[in-house]
Amino acid sequence: MANNKITGGRTVLLSFFAFLFLFVSHTSVGLSQKITKHYASSIQENGVLYYVFPFEGFKEVDGKGEMTYDITYHTANDSAVVHISLYSPKNLGLQSAIINYDTLRLITKLQKVLVESYKKDWHYRYKFKLTLSDLNSIFNATVPPVINITADSENIKLHIRNRKWRKQSDIVRKIINLIKLNNEE
Amino acid sequence: MKKLIVLVAIVALFLFSSCAAYVASPALGALYTDVKYPMAVTSNANSAKVGSAEVTSILGIVATGDASIDAAAKSAGITKIHHVDVHATSILGIFATYTVLVYGE
């Protein structure tokens, strides 16, 4: 009798955690194609401003640095501004970013937004511009890109896990599609 | 039937106890929230930049981050604010985020 009660209690607990797991996985992964929670748009006098919320996942290959990025796109000037936040314990003066994807290499100059302290690290906030077609080709890459950031004293090599990249690129591609559909006459 | 009651009680206890991560929102969902709403508008014209800042809460026990308007504006180099929106999400009271979006130039 007592054993039955214990087994019943376990079943209830297992059911509860199974429900939790299914719900969380449904909302966080199953709806990854649902892009509404990943971007915001605002209608302006001269076009539409799109903002893709920050994504994380890029990590330094030979160090403790981590990078997040967010994208702003304005239809009026057809250029996307990519803001990157690099968190690193090192003192760096960032110069440029080299984005290696598929067999291509895109080199862009970085422009400083701010540098501030973040926990025990430094937060380097920089930005660079890309055209929508460049952005599209990066997020259509079959393998995750590798980013090399050149700094005064050294180079920072950042990579992202395949699964994370697949999820992020799915979302960004869908947002780019949305922009293109809205841009069509 | 007894098992079902116990299960409902556990879920209810979890959702409605103080140990849950929820954020301020005009419409709150106990199971799932994904809401965008306005915070402020100014008389400044046009906005070509967007900056965001976020705080996160786990189980209502740990909450960290800086979701100030200043932090969001600084992140995009905004000096003239046009309007401010908020994006609030929460899943089962386990994980919640509160994101401030600042539009401006």
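Refer to the structure printed above.
Here's a quick rundown of the structure. Fair warning: this is a prediction, and the values are worked out from it, not measured in the lab.

1. Concerning the pattern of salt bridges
(1) Moving on: Enumeration over the complete set of coordinates arrives at seven salt bridges over all chains.
(2) Moving on: A salt bridge links A:Lys34 to B:Asp34; its shortest N-O distance comes to 3.8 Å. Here A:Lys34, found in the loop between helix H1 (2–30) and strand E1 (39–44), pairs with B:Asp34, found in strand E1 (residues 32–41), and the two come from separate chains.
(3) Moving on: Exposure remark for B:Asp34: the relative accessible area of 25% places this residue in the partly exposed category.
(4) Moving on: In this structure, the salt-bridge partner of A:Arg125 is A:Asp70, at a minimum N-O distance of 2.9 Å. In this pair, A:Arg125 sits in strand E8 (residues 121–131) while A:Asp70 sits in strand E3 (residues 66–74), placing the two residues 55 residues apart along the sequence. No difference in accessibility class separates A:Arg125 from A:Asp70, as the two residues are buried.
(5) Moving on: Residues participating in the shared-partner salt-bridge network are A:Glu60, A:Lys90 and A:Glu154.

2. Observations regarding the environment of B:Ala76
(1) Moving on: Its location among the elements puts B:Ala76 in helix H2 (residues 69–76).
(2) Moving on: Taking the relative accessible area as the measure of exposure, B:Ala76 reaches 2% and is therefore buried.
(3) Moving on: Residues B:Ala76 and B:Gly51, 25 residues apart in the sequence, show an inter-C-alpha distance of 4.7 Å.
(4) Moving on: Leave out the neighbours within four places in its chain, and B:Ala76 touches A:His83, A:Val113, B:Lys49, B:Val50 and B:Gly51.

3. With respect to the packing of aromatic side chains
Residues and elements named next belong to chain A.
(1) Moving on: All chains considered together, the criterion is met by seven aromatic pairs over all chains.
(2) Moving on: Ring centres of Phe 58 and Tyr 69 lie 6.0 Å apart, and the angle between their planes is 65°; this geometry places the pair in the edge-to-face category. A residue pair is termed long-range when its members are at least 10 positions apart, and Phe 58 in strand E2 (residues 47–60) and Tyr 69 in strand E3 qualify at 11 residues.
(3) Moving on: Judged by relative accessible area, which is 2%, Phe 58 ranks as buried.
(4) Moving on: Exposure remark for Tyr 69: the relative accessible area of 4% places this residue in the buried category.
(5) Moving on: An aromatic cluster is built from Phe 55, Phe 58, Tyr 69, Phe 139 and Trp 165, whose rings are joined through pairwise contacts.

4. Concerning the side chain of B:Ser52
(1) Moving on: Relative to the elements of secondary structure, B:Ser52 occurs in strand E2 (residues 49–58).
(2) Moving on: Separated by 2.6 Å, the side chains of B:Ser52 and A:Tyr51 make a polar contact.
(3) Moving on: Every residue in contact with B:Ser52, bar those within four places of it in the chain, is listed here: A:Tyr51, A:Pro54, B:Ala72, B:Ser75, B:Thr99, B:Val100 and B:Leu101.

Reading the values: the criteria
Residues numbered from 1 in each chain as written. Chains lettered and ligands numbered in written order. Predicted model: local features only at pLDDT ≥ 70, side-chain atom pairs only at ≥ 80, totals over all residues. Heavy atoms only, no water. Salt bridge = Lys/Arg side-chain N within 4 Å of Asp/Glu carboxyl O. Helix = DSSP H or I, 4+ residues; strand = E, 2+ residues; numbered from the N terminus. Buried < 20%, exposed > 50% of the residue type's maximum accessible area, 1.4 Å probe, protein only. Contact = heavy atoms within 4.5 Å. Phe/Tyr/Trp six-rings, centres within 6.5 Å; stacked < 30°, edge-to-face > 60°. Polar contact = N/O pair within 3.5 Å; in protein donor to acceptor, adjacent residues only side chain to side chain.

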